[in-house]
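Observations on the model geometry
What follows is the residue order along each chain.
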Amino acid sequence: MIDNQPQKTKVVVAGVNLNDPNFDYYMTELVNLSEANNMLVVGQVRQNLEQVYGGTYFGLGKLNEIKNLAHGLQASAVVLNDELTPMQIRNIEKITKLQVIDRTELILEIFANRAKTRQAKLQVQLARLQYELPRLHPSENTLDQQRGGGSVNRGSGESKLELNRRTIDKQITAIKKELQNVATQESIKSKRRNNSKLPQVALVGYTNAGKSTTMNGLLKAFNNDASKEVFVKNMLFATLDTSVRRINFDGTNDFIISDTVGFISKLPHNLIESFKATLKEASDADLIVNIVDSSDSNMLQMIKTTQKVLHEIGITNIPVVTAYNKADLTNKKFPEIEGNDILYSAKDSKSIKALAKFITKRIFSNYKTLNIELPLNAGSLLSYLHENGDVQKEKYTDTGILVKVKLAPKDYSKFSIYKQKSE
Ligand SMILES: Nc1nc2c(ncn2[C@@H]2O[C@H](COP(=O)(O)OP(=O)(O)OP(=O)(O)O)[C@@H](O)[C@H]2O)c(=O)[nH]1
Ligand SMILES: [Mg+2]
């Protein structure tokens with residue numbers, strides 16, 4: 001049989017611990033990320049420091065330890081747990097004679113390999129160029145085919161560097177423009193959905209927690225259309241886009257459900273920025289379902305990571321429920337609901353039904369009826385209510401417009417200032 005598996009690159013992972021209680025967890029993630037990038041982790045090195053060395057990140061003794069370990073184990077690269085400065089990377093390469101890959105570059109590379117749609121590809125390309133731009137260096141000039149060292153070539157190197165910068169700047173502008181076009185098309189679609197008044201539920205969470213499997217389980221049980229199913233795979237960042245489906249769990253209440261890109265700690269800032277359009281469904285949601293792999297020993301850190309990323313993308317005041325998935329891999333009884341938590345397995349049909357009920361109850365129980373009096377000249381507010389709520393009564397009086405309307409929580413708080421004094 002022919003082995004089609006590409007040869008794995010042997011690497012050593014290394015990190016500096018600045019007294020961080022989560023350091024072990026970050027190193028575990030780094031190993032998983034390296035493996036997701038087709039690398040074989042053969043060794044680990046760590047150094048406890050009060051602060052990193054400005055020029056070399058690690059101390060010199062530690063760098064020699066990394067060099068000797070890697071050479072002994074035939075590793076060709078060292079993967080580092082932080083985003084390093086270009087100078088630190090160059091110095092470590094010089095001292096260790098190893099290829100140096102920092103955490104940001106590693107994540108960008110995985111995303112680049114996984115991206116399938118035009119939007120995802122553009123988003124990753126943008127983040128990569130933004131990462132590379134400040135890292136251009138005269139001696140590492142990609143346009144300069146004949147690399148020359150020393151002072152003789154410096155002049156030409158610098159002008160080529162300028163040229164390189166301008167080329168990348170131009171590429172960045174072009175990609176941003178194209179992304180804007182894609183985003184406009186997406187936002188038209190999303191506006192159409194918003195105008196249909198349907199509540200939106202976003203499945204979010206740590207990568208590989210089972211968001212897409214959950215989405216498929218729900219679609220299979222309640223939608224019956226196999227063509228609507230999304231991609232599932234046991235690997236980090238299987239999903240890099242947002243899939244949106246209309247669904248109905250109880251025969252009366254339709255809503256929109258979305259599955260999106262998974263999270264991990266220390267997601268590169270540029271990447272989050274570039275993926276904001278993809279994450280828009282989550283920021284517009286009425287309910288966030290944080291899906292967690294309950295069989296993983298790092299479950300608590302994974303929940304915290306998701307909360308942190310949600311905060312970074314500006315999602316702070318949307319109700320969140322936690323769905324503890326993969327209960328079949330634990331010895332706990334499931335499905336089980338407790339307050340805003342559910343323990344379930346996306347692969348178990350009884351669980352999927354319980355999850356559907358759990359979600360339906362939470363989105364629709366949040367809806368409230370409000371009796372308000374709008375000013376007579378507030379026609380635009382009234383049309384907003386017609387578009388976004390269920391207007392049950394509307395009466396013009398001498399002093400204003402009396403309206404009885406059923407609203408989602410986000411609109412409820414906006415309109416409570418118009419509350420009728422006496423009802
Ligand atoms: N045993 C078990 N495996 C599950 C369950 N849910 C999901 N999985 C598996 O977990 C792996 C990841 O599932 P996905 O649904 O792709 O996870 P995801 O959260 O969408 O991951 P990303 O898109 O990479 O962020 C797959 O191999 C699934 O088959 C579950 O309830 N039990
Ligand atoms: Mg997925």
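Naming follows an unreviewed UniProt entry, where the protein chain appears as GTPase HflX of Lactobacillus jensenii.

**Regarding the pairing of strand 14 (residues 401–407)**
The alternating pattern of strand 14 places Ile 401, Val 403, Val 405 and Leu 407 on a buried face, while none of Leu 402, Lys 404 and Lys 406, on the opposite face, is buried. Judged from the 7 bridges that link them, strand 12 (residues 368–374) and strand 14 form a sheet pairing that is antiparallel. Counterpart to Glu 373 in the pairing with strand 14 is Leu 402. Inspection of the sheet shows strand 13 (residues 390–396) paired to strand 14 by 6 bridges, in the antiparallel sense. Considered in strand 14, the bridge of Lys 393 is made with Lys 404.

**What to know about unusual backbone geometry**
Of note, the amide linkage connecting Phe 334 to Pro 335 takes the cis form, showing an omega dihedral of -5 degrees. Within the secondary structure, Pro 335 is located in the loop between strand 9 (320–325) and strand 10 (336–338). You will see that Lys 97, though not glycine, has its phi angle at about 60 degrees, which is positive. Mapped onto the elements of the fold, Lys 97 is located in the loop between helix 3 (86–96) and strand 4 (99–102). Given the relative accessible area of 59%, Lys 97 is considered exposed.

**A look at the coordination of the magnesium ion (ligand 2)**
Taken together, Ser 212 (OG) and Thr 239 (OG1) make up the protein donors of the magnesium ion (ligand 2), found 2.0 to 2.1 Å from the metal. Taken together, the residues Ser 212 in helix 7 (residues 211–222) and Thr 239 in the loop between helix 7 and strand 6 (243–248) connect sequence positions 27 residues apart. Assessed through its relative accessible area of 9%, Ser 212 is described here as buried. A relative accessible area of 15% means that Thr 239 is categorised as buried.

**Structural notes on the site of ligand 1**
Neighbouring ligand 1 are 23 residues, the closest being Lys 211, Thr 213, Ala 238, Thr 239 and Asp 328. One of the side-chain N or O atoms of Ser 212 is found 2.9 Å from an oxygen atom in ligand 1. For ligand 1, an oxygen atom lies 3.1 Å from a polar atom in the side chain of Lys 326. Against a free-state accessible area of 660 Å², the protein chains account for coverage of 92% of ligand 1. Across the shell around ligand 1, the residue classes tally to 8 nonpolar, 10 polar and 5 charged.

**Section: the sheet that holds strand 4**
Taking strand neighbours across the sheet as the criterion, the 4 strands line up as 2-1-3-4 in an open arrangement whose pairing is parallel. Two strands in the sheet have a free side with no partner beyond their single neighbour: strand 2 (39–48) and strand 4. Here the average twist between neighbouring strands, direction ignored, is 25 degrees. Relative to the sheet, helix 3 contacts strand 3 (77–80) and strand 4, its axis offset from that of strand 4 by approximately 150 degrees.

**Considering the packing of helix 7 against helix 11 (residues 349–365)**
Put simply, helix 7 and helix 11 touch, their axes get as near as 10 Å, and they point 90 degrees apart. Taken together, the axes of helix 7 and helix 11 lie roughly perpendicular to each other. Residues Thr 214, Gly 217, Leu 218, Ala 221 and Phe 222 of helix 7 pack against Ile 352, Lys 353, Leu 355 and Ala 356 of helix 11. Class assignment for the residues of the contact of helix 7 with helix 11 results in 6 nonpolar, 2 polar and 1 charged.

**Considering the sheet that holds strand 9**
The 7 strands lie next to each other as 6-7-5-8-9-11-10, forming an open sheet whose pairing is mixed. Taken across any chain shown, the strands that pair with only one partner, and hence form the sheet edges, are strand 6 and strand 10. Within this sheet the neighbouring strands show an average axis-to-axis angle of 20 degrees, counted without direction. Of the strand pairs in this sheet, strand 6 and strand 7 (residues 254–259) are connected by 6 bridges, and their pairing is antiparallel. Bridge pairing in strand 7 places Asn 248 opposite Asp 254.

**Looking at helix 3**
Taken as a whole, helix 3 has its buried residues at Gln 88, Ile 89, Ile 92 and Thr 96. Along the axis of helix 3, the buried residues cluster in a sector spanning 100 degrees; they form a single face. Against the buried residues of helix 3 lie helix 2 (60–72), strand 3, strand 4 and helix 5 (118–132). Residue Lys 97 follows helix 3 closely and has a positive phi angle near 60 degrees.

The rules behind these values
- Residues numbered from 1 in each chain as written.
- Chains lettered and ligands numbered in written order.
- Predicted model: local features only at pLDDT ≥ 70, side-chain atom pairs only at ≥ 80, totals over all residues.
- Heavy atoms only, no water.
- Buried < 20%, exposed > 50% of the residue type's maximum accessible area, 1.4 Å probe, protein only.
- Helix = DSSP H or I, 4+ residues; strand = E, 2+ residues; numbered from the N terminus.
- Pairing = 2+ DSSP bridges.
- Donors = N, O, S within 2.8 Å, 3.2 Å for Na, K, Ca; no water.
- Near = heavy atom within 4 Å.
- Polar contact = N/O pair within 3.5 Å; in protein donor to acceptor, adjacent residues only side chain to side chain.
- Areas by Shrake-Rupley, 256 points an atom, 1.4 Å probe, with all protein chains shown as cover.
- Nonpolar A, V, L, I, M, F, W, Y, C, P; charged D, E, K, R; others polar.
- Axes fitted to C-alpha atoms, helices over the stretch in contact; angles between N-to-C directions.
- Contact = heavy atoms within 4.5 Å.
- Parallel < 35°, antiparallel > 145°, perpendicular 65-115°, else oblique.
- Arc of directions from axis to C-beta.

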